[in-house]
Amino acid sequence: MNLKSERRGIHVDQSELLCKKGCGYYGNPAWQGFCSKCWREEYHKARQKQIQEDWELAERLQREEEEAYASSQSTQGAQSLTFSKFEEKKTNEKTRKVTTVKKFFTASSRAGAKKALAGKLKEIQEAKAPSPSIHRQASIETDRVSKEFIEFIRTYQKPGQDIYKQCKLFLDTVSHKRDLSIEEQSECAQDFYQNVADRLQTRWKVPPEKVEKAMDEVEKYIMTRQYKYVFCPETTDDEKKDLAVQKRIRALHWVTPQMLCVPVSEEIPEVSDMVVKAITDIIEMDSKRVPRDKLACITKCSKHIFNAIKITKNEPASADDFLPTLIYIVLKGNPPRLQSNIQYITRFCNPSRLMTGEDGYYFTNLCCAVAFIEKLDAQSLNLSQEDFDRFMTGQTSPKKQESDSFSPDVCLGVKQMCKSLDLLSQLNERQERIVSEAKKLEKDLIDWTDGITKEVEDIVEKYPLEIKPKSQALAAIDSENVENDKLPPPLQPQVYAG
Ligand SMILES: [Zn+2]
């Protein structure tokens, strides 16, 4: 156990989970360590800067072109064009060029430029759309969610009507903006959440807890409808990243809980139950369509992990125990489309949910776990580089090295079966030992009896029992009478004179 204290497990300082701007909210690798609020500020700044730079470049190019044009005109075109005509042409060209440049750098015309491409993409998307039955199921769900939303919004009366109108307007607008980049669409959604929440608070004076509830329903409504367009869109490399993570997790199939210093002992049936539940939860995330529902899966998974640690250690789990265990669960579960799900939540969840509270905390930890999986190395697994390389290339597996520990890809049933078989063979051995001991005991007993008999016989032989006739000593008839001494003394002869 001395070895254990020297191992350097996976550790993240809790402050590293927070926004690097120090605002106190949770940060996220997808936002380069910022919280959603600070990231948007930074993103805006960066975008503004980019636009500014593009403008400057455009203006410089234009100046250069004008100079070139002017010099060419002065050398050869001077005779054919009058000065006024030249001036006219120059101005015309300038305005045309500026508007083209301007148009090029504004979102709306960029959208126009991409329209053809987006139309094509849409065609492809529709062509590879899921089978009709899945499609029907999805539209049934959309209808159900819409109905529920309308029923819910009715309870809010006038503000409710306003929310509904806003949502409709938003959905209508985004349906015309499908060709925007996913970051821009995400920004639209987040602006929308912000606007609706602000409206409810300031214009309709709705109390904060009712605002939060309404926002959850708004998210559910708009994201159920938008899901198929914005989850893992073809315009991003989300799918490529999904495949990369999946491949990486598969390559790490040999990692054992011991290597990660995971304080969970799956031999305890209750703990192994929790582990299975945690894996199921994280896999289930992919089946949900609303970002908040996906988050709920992560939170449920995390709570099962905390329970598993608590039962194993018999004390509450610490944050240092949690992260390696979460990594282990992700490695064991290899959840489908992990990066897409994380990206989707990051882009389209109501940001207030990700910045604070337990959902935000667990989500940040999951992002951290994925980042760790991407860079797990020999050192973080307490292995020599040589062993790590051999395990990674599949030359050998830790199972061969330590026959008593299983690699995480062996399913629980097989593990249990191997354990049972092991136990049975141990029992068998013990029983055989008992039988042989019993036989030995029986033999000992027989030997002992024989020995005693022989000894007795020897003695009998040596000292034969001779029954001598009793010596016929005379005895009084009443010699055996015990009461004799109680009798009066025998009469003595008396001499009578006379
Ligand atoms: Zn921040």
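Analysis parameters
- Residues numbered from 1 in each chain as written.
- Predicted model: local features only at pLDDT ≥ 70, side-chain atom pairs only at ≥ 80, totals over all residues.
- Heavy atoms only, no water.
- Helix = DSSP H or I, 4+ residues; strand = E, 2+ residues; numbered from the N terminus.
- Buried < 20%, exposed > 50% of the residue type's maximum accessible area, 1.4 Å probe, protein only.
- Contact = heavy atoms within 4.5 Å.
- Areas by Shrake-Rupley, 256 points an atom, 1.4 Å probe, with all protein chains shown as cover.
- Core = buried A, V, L, I, M, F, W, Y, C linked by side-chain atoms within 4.5 Å.
- UniProt positions renumbered as here; feature names shortened; annotations may be inferred.
- Donors = N, O, S within 2.8 Å, 3.2 Å for Na, K, Ca; no water.
- Tetrahedral: all angles 85-135°; square planar, octahedral: opposite > 155°, others 65-115°.
- Phe/Tyr/Trp six-rings, centres within 6.5 Å; stacked < 30°, edge-to-face > 60°.
- Lys NZ or Arg CZ within 6 Å of the ring centre and 35° of its normal.
- Salt bridge = Lys/Arg side-chain N within 4 Å of Asp/Glu carboxyl O.

S.K.: How do you make sense of the overall build of the protein chain when you look at a structure like this?
M.R.: Within the protein chain one finds 19 helices and 0 strands. For the protein chain, the proportion of its 498 residues judged to be buried stands at 36%. Taking the intrachain contacts of the protein chain between residues at least 6 apart in sequence as the baseline, contacts between residues at least 24 apart amount to 73%. Here the protein chain has roughly 31900 Å² of accessible surface; of this, 55% comes from carbon and sulfur atoms.

S.K.: Hey, could you run me through the nonpolar core in this one?
M.R.: Counting 65 residues, the largest nonpolar core has Trp-254, Leu-260, Ile-298, Ile-327, Leu-331 and Leu-381 as the members making the most contacts within it. Top contributing element to this core by residue count: helix 16 (residues 357-375), with 10 residues.

S.K.: Please explain the UniProt feature "domain: A20-type" (unreviewed entry) in the protein chain as it appears in this structure.
M.R.: UniProt tags residues 13-47 as "domain: A20-type" (unreviewed entry). With 34% helix and 0% strand, the stretch residues 13-47 has end C-alpha atoms that lie 31 Å from each other.

S.K.: In this structure, what is going on with unusual backbone geometry? I would like to understand it.
M.R.: Note: most peptide bonds trans; most residues except glycine with negative phi. The backbone phi angle of Asn-314 is positive, close to 65 degrees, even though this residue is not glycine. Looking at where Asn-314 falls in the secondary structure, it is placed in the loop between helix 12 (291-313) and helix 13 (319-333). Unusually for a residue other than glycine, Asn-334 sits at a positive phi of about 40 degrees.

S.K.: Which parts of the structure should I look at to understand the environment of Leu-180?
M.R.: Topologically, Leu-180 is positioned in the loop between helix 6 (157-175) and helix 7 (182-203). Residues Leu-180 and Thr-235 lie 55 residues apart in sequence; the distance between their C-alpha atoms is 9.6 Å.

S.K.: What is the right way to look at the coordination of the zinc ion in this model?
M.R.: Geometrically, a metal with four donors at the corners of a regular tetrahedron has ideal angles of 109.5 degrees, and one with six donors at the corners of a regular octahedron has ideal angles of 90 or 180 degrees. Protein coordination at the zinc ion comes from Cys-19 (SG), Cys-23 (SG), Cys-35 (SG) and Cys-38 (SG), with a distance range of 2.1 to 2.4 Å. Around the zinc ion sit 4 donor atoms, and with donor-metal-donor angles ranging over 101 to 120 degrees the site reads as tetrahedral. Using a relative accessible area of 5% as the deciding quantity, one classes Cys-19 as buried.

S.K.: So what exactly am I meant to see when it comes to helix 14 (residues 338-348) here?
M.R.: Each α-helix turn comprises 3.6 residues. Residues three or four places apart therefore point the same way. Most of helix 14 is tucked away: 11 of the 11 residues are buried. Buried within helix 14 are the following residues: Leu-338, Gln-339, Ser-340, Asn-341, Ile-342, Gln-343, Tyr-344, Ile-345, Thr-346, Arg-347 and Phe-348.

S.K.: Can you help me understand the packing of aromatic side chains in this one?
M.R.: What describes a pair of aromatic rings is the distance from one ring centre to the other and the angle between the planes of the rings. Counting across every chain of the model gives 18 aromatic pairs. With a centroid separation of 5.8 Å and 55 degrees between ring planes, the pair formed by Tyr-26 and Tyr-361 is classed as tilted. Taken together, the positions of Tyr-26 in the loop between helix 1 (2-6) and helix 2 (36-77) and Tyr-361 in helix 16 put the pair 335 residues apart, joining distant regions of the chain. The exposure class of Tyr-26 is buried, given its relative accessible area of 17%. A relative accessible area of 14% places Tyr-361 in the buried class. An angle of 90 degrees between the planes, with centres 5.5 Å apart, marks the rings of Tyr-227 and Tyr-344 as edge-to-face. With Tyr-227 in helix 8 (residues 208-230) and Tyr-344 in helix 14, this residue pair connects regions lying 117 residues apart in the sequence. Judged on exposure class, the residue Tyr-227 and its partner Tyr-344 are both buried. The structure contains a cluster of three or more aromatic residues connected by ring pairs, namely Tyr-26, Phe-306, Phe-322, Tyr-361 and Tyr-362. Looking at Lys-20, its charged tip hangs above the ring of Phe-34, at a distance of 4.8 Å from the centre.

S.K.: I keep staring at the pattern of salt bridges and nothing clicks. Help me out?
M.R.: Should the charged atoms of two oppositely charged side chains come close, the side chains can pair. According to the stated counting rule, one finds 26 salt bridges in the structure shown. The shortest N-O distance in the salt bridge between Asp-273 and Lys-277 comes to 3.9 Å. Taken together, the residues Asp-273 and Lys-277, both in helix 11 (residues 269-284) and 4 residues apart, mark about one turn of the helix. Of the charged contacts in the structure, one is a salt bridge between Lys-303 and Glu-358, with a shortest N-O distance of 3.2 Å. Linking Lys-303 in helix 12 with Glu-358 in helix 16, this pair joins segments that are 55 residues apart in sequence. Note on Glu-358: relative accessible area 40%, which makes it partly exposed. A single network of salt bridges, built from pairs that share partners, joins Lys-21, Glu-41, Glu-42 and Lys-45.

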